[in-house]
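Report on the structure
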Amino acid sequence: MTPDRALTAHELLTFYLEAGVDCALMDEPVNRISDETTAPRGQPQSSPVRTTPAVLPARAEAAPAPEVAIQSAREAARTAPSLEVLRAMLERFDGCALKSTATRLVFADGNPLARIMFVGEAPGREEDIEGLPFVGRSGQLLNRMMAAIGLDRTKAYIANVIPWRPPGNRTPTPQETQICLPFIQRQIELVNPDVLVTLGNPSTQTLLSTREGIMKTRGRWFDYDTGTRRIKAMATFHPAYLLRSPSYKRLAWEDLRAISKALA
Ligand code: URA
């Protein structure tokens, strides 16, 4: 519908924010953590608008073709002997373009020795700033879901299929997912949990190799082959979905009880 009056700048920005447009992208990535405004410290600025950093970052190398990146991700990930090496490998990996728009790598949180591992889709804005998965609103709900079955981040390990935030929280492309897949698979193998919990549709479909939707997959036990052994895997609703559709919390609670029973 066309508005019958011009929107104020504030209304327009609010509209963008609600639509998920919360950052402006340029050809070159901008480090917003270390980025300085041009006005010298202590001097008043005429405008709060940030200007281009005095020193532009070197132009990024063009990302390799997806099939090349997928192949190099596969070859690299399987050689990582530990989570620390895998993390360092991802820090250096340039095969996924999401790295250039994200602020930082979001590798994992929690206990690498835990018997249970939760895997979401990709970091959001707060996660991108803090470098930890599930720290925003959906992370707070995930904490409450874990607490309901006696878990917290000292007893669980948490990661995402994609370790870099897609700009504006857009859905990762199938190529981006395939490029990141060998790394999360190796991460699961190295953590070696007894129970894997996929949060939401994208994580479930990617890791459990199913095309069924979350309404069908949730609450069911799957076999997950880590590469060294078979473990139990369960899909449940993503906490962000539960925030939007709280009536599904009852079903999520059933899933959590089944998960708790499997851990007992
Ligand atoms: N949603 C996800 O899938 N992962 C996060 O880390 C945060 C929100």
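Residues numbered from 1 in each chain as written. Predicted model: local features only at pLDDT ≥ 70, side-chain atom pairs only at ≥ 80, totals over all residues. Heavy atoms only, no water.

1. Digging into the environment of Arg 230
- Inspection of the secondary structure assignment puts Arg 230 in strand β6 (residues 230-236).
- Arg 230 gets classed as exposed once you look at its relative accessible area, which sits at 56%.
- For the pair Arg 230 and Asn 192, spaced 38 residues apart in the sequence, the C-alpha separation amounts to 9.8 Å.
- Excluding anything up to four places from it in sequence, Arg 230 contacts Asp 223, Tyr 224 and Asp 225. (Helix = DSSP H or I, 4+ residues; strand = E, 2+ residues; numbered from the N terminus. Buried < 20%, exposed > 50% of the residue type's maximum accessible area, 1.4 Å probe, protein only. Contact = heavy atoms within 4.5 Å.)

2. Focus on the packing of aromatic side chains
- Inspection of every chain in the model, using the stated rule, returns four aromatic pairs.
- When the centroid spacing of 5.6 Å and the interplanar angle of 25° are considered together, the rings of Phe 237 and Tyr 241 count as stacked.
- The class for Phe 237 is buried, based on a relative accessible area of 1%.
- On the basis of relative accessibility, which here comes to 25%, the residue Tyr 241 falls in the partly exposed class.
- Each member of the aromatic cluster is reached from another via a ring pair, and the members are Phe 237, Tyr 241 and Tyr 248.
- If you follow Lys 232 out to its NZ or CZ, it ends over the ring of Trp 221, 4.6 Å from the centre. (Phe/Tyr/Trp six-rings, centres within 6.5 Å; stacked < 30°, edge-to-face > 60°. Lys NZ or Arg CZ within 6 Å of the ring centre and 35° of its normal.)

3. Focus on the pairing of strand β2 (residues 116-120)
- Extensive coverage of β2 is indicated by the burial of five of its five residues.
- Because side chains alternate across β2, one face comprises the buried residues Ile 116, Phe 118 and Gly 120, and the other comprises Met 117 and Val 119, equally buried.

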